[in-house]
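# Descriptive analysis of the structure
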Amino acid sequence: MQELTHYINGVHVKGQSGRFADVFNPATGEVQAKLPLASAEELALAVSVAADAQIGWAATNPQRRARVLMKFVDLLNRDMDKLAEALSREHGKTIPDAKGDVQRGLEVVEYCIGAPQMLKGEFTDGAGPGIDMYSMRQPLGVSAGITPFNFPAMIPMWMFAPALACGNAFILKPSERAPSVPLMLAELLEEAGLPKGVLQVVNGDKEAVDAILDHPVIQSVGFVGSTPIAEYIYGRGCSNGKRVQCFGGAKNHMIIMPDADMDQAADALVGAGYGAAGERCMAISVAVPVGEETADRLIAKLIPRIEKLKVGPYTAGNDVDYGPVVTAAAKEKILGLVNSGVEQGAELVIDGRDFTLQGYEEGFFVGPHLFDKVTPDMDIYKQEIFGPVLSTVRAQTYEEALSLAMDHEMGNGTAIFTRDGDTARDFAHRINIGMIGINVPIPVPLAYHTFGGWKKSAFGDLNQHGPDAFKFYTRTKTVTSRWPSGLKEGGEFHFKAMD
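Predicted model, so just to flag it, every value in this text is computed and none were measured.

### A closer look at unusual backbone geometry
The backbone of Ala-276 sits at a positive phi, close to 55 degrees, despite the residue not being glycine. Judged by relative accessible area, Ala-276 falls into the buried class, the value being 8%. Positive phi, normally seen in glycine, also occurs at His-465, with a value near 40 degrees. Checked against the element boundaries, His-465 lands in the loop between strand S22 (458–459) and helix H16 (467–472). Classification of His-465 as buried rests on a relative accessible area of 2%.

Here it is in structure tokens:
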């Protein structure tokens, strides 16, 4: 049985609390490692080390900090296969999907190499008589990130790359379910030239999270996870005077107009709904065809595509479409919501409840499900399922479809499939959701734009990555300077009246 560690001051450190969590192989259901759960005292030690290391890191000029990130990108590409395999072994996603996880984090690191340009201040010459005024962006000090299981590489990099580029030290508290890749990333950063202690990885549960939220030295906290936890972290962190950004759950709708290319729409829905077993905050979980004929055509296109999906472990090859969900509890929750959908009157067109995989009967595999004629009062519509379940809500008009997405309490992402530019433009302008796709099912912005939802999908006033990240991880200092001129030996030292 492997015993994992924390990563503090450049070395792997065994846990001291005596508490551990099991790390599973989702494909087999077996426990493959023990993970130490840090105490508040262990977290405090990591913060102390980070605070000391941050002073020298902040004094390192931005170009040299960027060069560390440049080397880190090289090392990520060198170890891509190793990182992807470790990620798949703990999360369950396929190897191509795991590589995509690393790649989308890597792209944010590439963007952060441009930190020197993003950290420039402003200058006003002659703001007053002999007065110059300038502002500068300075690091916060020690920042922290609490990251989820579903993107063990990408989301940590979304947080620590800009934080480090800005001159901060960083405490990473990764998910207990997929902790190995974050530890590997810390090692690679140090190999790239990051000074010891600037990035710490502290594994833990609620005790470690509360210690992060309460520690006076930690200046900012980032979080990605469920909405209830996001609300808790945002409230407690803000009450302790920290800068906090929290990203919660999602219920992403995809509207299919009658004029849409139905093959394109169906392909998009299958990939966006079932990829990574639906364990993505940007997954499409609700299809909204407009008109009965559109709905009938869409369902007819979806059925054969979904029935052909190959479900299996990542070791079965790159033609596997998706793997297991992350835990037995996740599987139980998904199947419970599927049962509630049947009980509440939705039509279960494809029933994956009896899915089993020979040789992997103890794994956390969930077969694909397709619901039709779902209504907004049903639990499968209101709740985030986070599994391979697609719900179809039939709308009679475009306005009704628009209202479904706008009225839902979640506002992470949405999409529309249409050939009509006027409809697409109206949708993009009116919808009250943070990320919009037009004939794009999963509209995750590229690294140089920002990522963030609206409503109960996000808490805080700044998004992840892009320009917002450099605002979040710095504070502005403004200097007003005056150097009196004309002072010479024998000169007069009183202020003359202004003409």
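### Observations concerning the sheet that holds strand S6 (residues 122–128)
Taking strand neighbours across the sheet as the criterion, the three strands line up as S6-S7-S23 in an open arrangement whose pairing is antiparallel. In the strand order of this sheet, the two ends are held by S6 and strand S23 (474–482), each with one partner. With direction set aside, neighbouring strand axes in the sheet form an average angle of 25 degrees. Across four bridges, S6 lies against strand S7 (residues 131–139) in antiparallel orientation. Paired with Phe-123 across the bridge in S7 is Tyr-134.

### Topic: the pattern of salt bridges
All chains considered together, the criterion is met by 27 salt bridges. Notably, a salt bridge pairs Arg-19 with Glu-207, separated by 3.1 Å at the nearest N-O pair. Highlighted residues: Arg-19 in the loop between strand S3 (11–13) and strand S4 (20–25) and Glu-207 in helix H8 (residues 206–214), separated in sequence by 188 residues. Judged by relative accessible area, which is 29%, Arg-19 ranks as partly exposed. Owing to a relative accessible area of 34%, Glu-207 belongs among the partly exposed residues under this scheme. Of the charged contacts in the structure, one is a salt bridge between Asp-79 and Arg-78, with a shortest N-O distance of 2.9 Å.

### Description of the environment of Lys-14
When you line up the elements, Lys-14 lands in the loop between S3 and S4. Residue Lys-14 is classed as exposed on the basis of its relative accessible area of 55%. Along the sequence, Lys-14 and Glu-3 sit eleven residues apart, while their C-alpha atoms lie 8.3 Å from each other. The contact partners of Lys-14, leaving out residues within four places of it in the chain, are Glu-3, Thr-5, His-6 and Glu-42.

### Some points on helix H1 (residues 40–59)
Between its first and last C-alpha, H1 extends 29 Å over 20 residues, near the 28 Å set by a 1.5 Å rise per residue. The largest bend along H1 measures about 30 degrees and falls at Ala-53. Buried within H1 we find Glu-42, Leu-43, Ala-46, Val-47, Val-49, Ala-50, Ala-53, Gln-54 and Trp-57.

### A short note on the packing of aromatic side chains
Tallying each qualifying case throughout the model produces ten aromatic pairs. An angle of 20 degrees between the planes, with centres 6.2 Å apart, marks the rings of Phe-123 and Tyr-134 as stacked. One end of the pair, Phe-123, is in strand S6; the other, Tyr-134, is in strand S7, with eleven residues separating them in the sequence. What makes Tyr-134 partly exposed here is its relative accessible area of 31%. Chaining the aromatic ring pairs together yields one cluster made of Phe-72, Phe-160 and Phe-170. Above the plane of the ring of Phe-20 lies Lys-34, whose end atom (NZ or CZ) is 4.4 Å from the centre. One Lys or Arg, Lys-93, reaches over the ring of Phe-151 and ends 4.3 Å from the middle of that ring.

### Thoughts on the packing of helix H4 (residues 95–112) against helix H6 (residues 154–165)
Across the interface, H4 lies against H6 with an axial gap of 8 Å and an inter-helix angle of 10 degrees. When the axes of H4 and H6 are compared, the pair comes out roughly parallel. The crossing of H4 and H6 is right-handed. Of the residues in H6, those touching H4 at Asp-101, Val-102, Arg-104, Gly-105, Leu-106, Val-108, Val-109 and Cys-112 are Met-154, Met-157, Trp-158, Ala-161, Pro-162 and Ala-165. Here the residues of the contact of H4 with H6 sort into eleven nonpolar, one polar and two charged.

### Focus on the sheet that holds strand S16 (residues 369–372)
If you walk across this open sheet you meet the seven strands as S15-S16-S17-S14-S13-S19-S20, and the pairing is mixed. The open sheet has two edge strands with one neighbour each: strand S15 (347–350) and strand S20 (435–438). Each adjacent strand pair in this sheet contributes to an overall mean axis angle of 20 degrees, direction not counted. Sheet topology note: the strand S19 (residues 413–417)/S20 ladder contains four bridges and is parallel. From the neighbouring strand, Thr-414 faces S20, where its bridge partner is Ile-436.

### Describing the side chain of His-6
In this structure, His-6 sits in strand S2 (residues 6–8). A relative accessible area of 1% places His-6 in the buried class. A polar contact is formed between the side chain of His-6 and the backbone nitrogen of Asn-203, at a distance of 3.1 Å.

### Details of the environment of Gly-197
Within the secondary structure, Gly-197 is located in the loop between helix H7 (180–191) and strand S10 (199–201). Considered as a pair, Gly-197 and Leu-213 are 16 residues apart in the sequence and their alpha carbons are 20 Å apart. Residues within four places of Gly-197 in sequence aside, it is in contact with Asn-9, Gly-10, Val-49, Ala-50 and Ala-53.

### Examining helix H15 (residues 421–430)
Along H15, the residues classified as buried are Thr-423, Ala-424 and Phe-427. Buried residues along H15 cover an arc of 100 degrees about the axis, so they all sit on one side. Exposed and oriented more than 90 degrees from the buried face of H15 are Gly-421, Asp-422, Arg-425 and His-429. As for H15, its buried residues are in contact with strand S13 (252–256), helix H14 (398–407), S19 and S20. Backbone nitrogen of Asp-422 and a side-chain oxygen of the N-cap are separated by 3.3 Å at the start of H15; the cap is Asp-420.

### Some points on the environment of Val-320
Inspection of the secondary structure assignment puts Val-320 in the loop between helix H11 (292–307) and helix H12 (328–343). A C-alpha to C-alpha distance of 5.2 Å links Val-320 and Lys-310, two positions ten residues apart in sequence. Val-320 has contacts with Thr-94, Lys-310, Val-311, Gly-312 and Pro-313, leaving out every residue within four places of it along the chain.

The rules we used
- Sequence order as written defines residue numbering, which begins from 1 separately in each chain.
- This being a predicted model, a pLDDT of at least 70 is required before a residue's local features are given, and a value of 80 or more before pairs of side-chain atoms are given or counted; all residues contribute to the totals for chains, interfaces and linings.
- Remark: hydrogens and water are excluded; side-chain values derive from all non-hydrogen atoms of the structure.
- Buried, partly exposed and exposed residues are distinguished by accessible area as a fraction of the type maximum, computed with a 1.4 Å probe on protein chains only: under 20%, between the cut-offs, and over 50%, respectively.
- Numbering of helices and strands starts at the N terminus; helices are DSSP runs of H or I of at least 4 residues and strands are runs of E of at least 2.
- DSSP bridges decide pairing: two strands pair if at least two such bridges lie between them.
- Angles shown run from 0 to 180 degrees and are taken between the N-to-C directions of axes, each axis being a line fitted to C-alpha atoms and, for helices, limited to the stretch in contact.
- The rule for a salt bridge is simple: a side-chain nitrogen of Lys or Arg has to be within 4 Å of a carboxyl oxygen of Asp or Glu.
- The contact rule is simple, with two residues in contact once any of their heavy atoms fall within 4.5 Å.
- Each residue after the first adds 1.5 Å to the expected span of a helix.
- Consider a residue and the seven residues that end there alongside the seven that start there; fitting an axis to each set, the bend is the angle between those axes.
- Aromatic contacts are taken between Phe, Tyr and Trp rings whose centres are within 6.5 Å, Trp giving its six-membered ring; a plane angle under 30 degrees counts as stacked, one over 60 as edge-to-face, and the others as tilted.
- Our definition puts a charge over a ring when NZ of Lys or CZ of Arg is within 6 Å of the ring centre and also within 35 degrees of the ring normal.
- Roughly parallel means an angle under 35 degrees; roughly antiparallel means over 145; roughly perpendicular covers 65 to 115; every other angle is labelled oblique.
- Handedness of a crossing is defined here by the sense of rotation of the near helix relative to the far one, left-handed for an anticlockwise turn of less than a right angle and right-handed for a clockwise turn.
- Residue polarity is assigned by list, with Asp, Glu, Lys and Arg as charged and Ala, Val, Leu, Ile, Met, Phe, Trp, Tyr, Cys and Pro as nonpolar; anything else, Gly included, falls into the polar class.
- Whenever a nitrogen or oxygen atom comes within 3.5 Å of another N or O atom, the pair is scored as a polar contact, on the condition that within protein one atom can donate a hydrogen and the other can accept it, and that pairs from neighbouring residues in sequence are kept only if both atoms are in side chains.
- To be clear, the arc concerns the directions from the helix axis to the C-beta atoms.

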